[in-house]
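Chain residues, written in single-letter form:
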Amino acid sequence: MTMRITWTTAAAVALLAMGETAGAQARHHGGPRMADNPAVGGAAMLATRDIVDNALLSPDHTTLVAAVKAAGLVPVLKGPGPFTVFAPTNAAFAQLPAGTVESLLEPRNKAALTGVLTYHVVAGALDAAAIMEAIRAHGGRAVLQTVNGQALVARMNGPRNVVLEDAQGRTVSISTYDVRQSNGIIHVIDKVLLPK
């Protein structure tokens, strides 16, 4: 059985037009231990900043930031959200075939770039504990509906590690969990998620 986290069409269109601390909650559910102010790429990520402002500070996410700008998604990701963003590092983009990133950044490929980027975004704020709980509650896999309309599958890889499977059947690991933002959560990933 799978869990399908879906959102209304209106919410998806709006996104495309673009409590409890995470650490305590994750420890309670046996998930990864989270830092109060996790660093990404050596830069402090503050929960008072939005997704874009924090990403701009990470030297590990310059390619992602350039792609978000090229796709015109900055206003959306600075919006109220909340969003869950699976954020590929520069090294993740470098694993794509030669010339892919440069091609996607060309203005004529804006629609394709937007499709790839929105495949990394889920409406709502899903921390590691919530994702792990959904996986356990639904027979070992949770289906996460992305803003681009296609699904990601989340599975456990050991008792405290979540992996994602994209539409191409590739396994993607989360290297940093629960980077809290004022408008959502970022999970840093080691590969670019590829839609169909």
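Residues numbered from 1 in each chain as written. Predicted model: local features only at pLDDT ≥ 70, side-chain atom pairs only at ≥ 80, totals over all residues. Heavy atoms only, no water.

1. Some thoughts on the pairing of strand E6 (residues 141-145)
Of all five residues that make up E6, four are buried, and the element is covered over most of its length. Pairing between E6 and strand E7 (residues 151-156): five bridges, direction antiparallel. Looking at the pairing, Arg 141 lines up with Arg 155 of E7. Turn length for the E6-E7 hairpin, with the two strands adjacent in sequence and antiparallel, is five residues, and the turn residue Gly 149 shows positive phi of about 100 degrees. (Buried < 20%, exposed > 50% of the residue type's maximum accessible area, 1.4 Å probe, protein only. Helix = DSSP H or I, 4+ residues; strand = E, 2+ residues; numbered from the N terminus. Pairing = 2+ DSSP bridges.)

2. Details of empty space enclosed by the protein
Looking at the largest cavity, its volume works out to about 150 Å³. In terms of residue count, the dominant contributor to the lining of the largest cavity is strand E4 (residues 83-88) (four residues). Per-class residue counts for the lining of the largest cavity are 16 nonpolar, one polar and no charged. (1 Å grid on protein atoms, 1.4 Å probe; cavity = no way out; pocket = protein on both sides within 12 Å on 5 of 7 lines; lining within 4 Å. Points joined across faces, edges and corners; volume = space filled by probe spheres on them. Nonpolar A, V, L, I, M, F, W, Y, C, P; charged D, E, K, R; others polar.)

3. Some details on the pairing of E7
Examined bridge by bridge, E7 and strand E8 (residues 162-165) share four bridges and lie antiparallel to one another. Counted as the bridge partner of Met 156 is Val 162 from E8.

4. Topic: helix H9 (residues 128-137)
Residues of H9 that are buried: Ala 128, Ala 129, Ile 131, Met 132, Ala 134 and Ile 135. Remark: Gly 139 follows H9 within two positions and exhibits a positive phi of approximately 70 degrees.

5. Here we look at the environment of Asp 178
Assignment of secondary structure puts Asp 178 in strand E9 (residues 171-181). For the pair Asp 178 and Pro 38, spaced 140 residues apart in the sequence, the C-alpha separation amounts to 8.4 Å. Only 2.7 Å separates the side chain of Asp 178 from the backbone nitrogen of Ala 128, close enough to count as a polar contact. (Polar contact = N/O pair within 3.5 Å; in protein donor to acceptor, adjacent residues only side chain to side chain.)

6. Let's talk about the side chain of His 187
Inspection of the secondary structure assignment puts His 187 in strand E10 (residues 184-189). One polar contact links the side chain of His 187 to the main-chain carbonyl oxygen of Leu 126, over a distance of 2.8 Å. What His 187 contacts, discounting residues up to four positions off in sequence, is Thr 84, Val 85, Phe 86, Ala 87, Leu 126, Asp 127, Ala 128, Ile 131, Ile 174, Thr 176, Tyr 177 and Asp 178. (Contact = heavy atoms within 4.5 Å.)

7. Description of the nonpolar core
Ranked by size, the top nonpolar core spans 29 residues in total, and within it Phe 83, Val 85, Leu 117 and Ile 186 carry the most contacts. The element that contributes the greatest number of residues to this core is helix H4 (residues 62-71), accounting for four residues. Residues Leu 126, Leu 152, Ala 154 and Val 162 belong to the second largest nonpolar core, which totals 20 residues. (Core = buried A, V, L, I, M, F, W, Y, C linked by side-chain atoms within 4.5 Å.)

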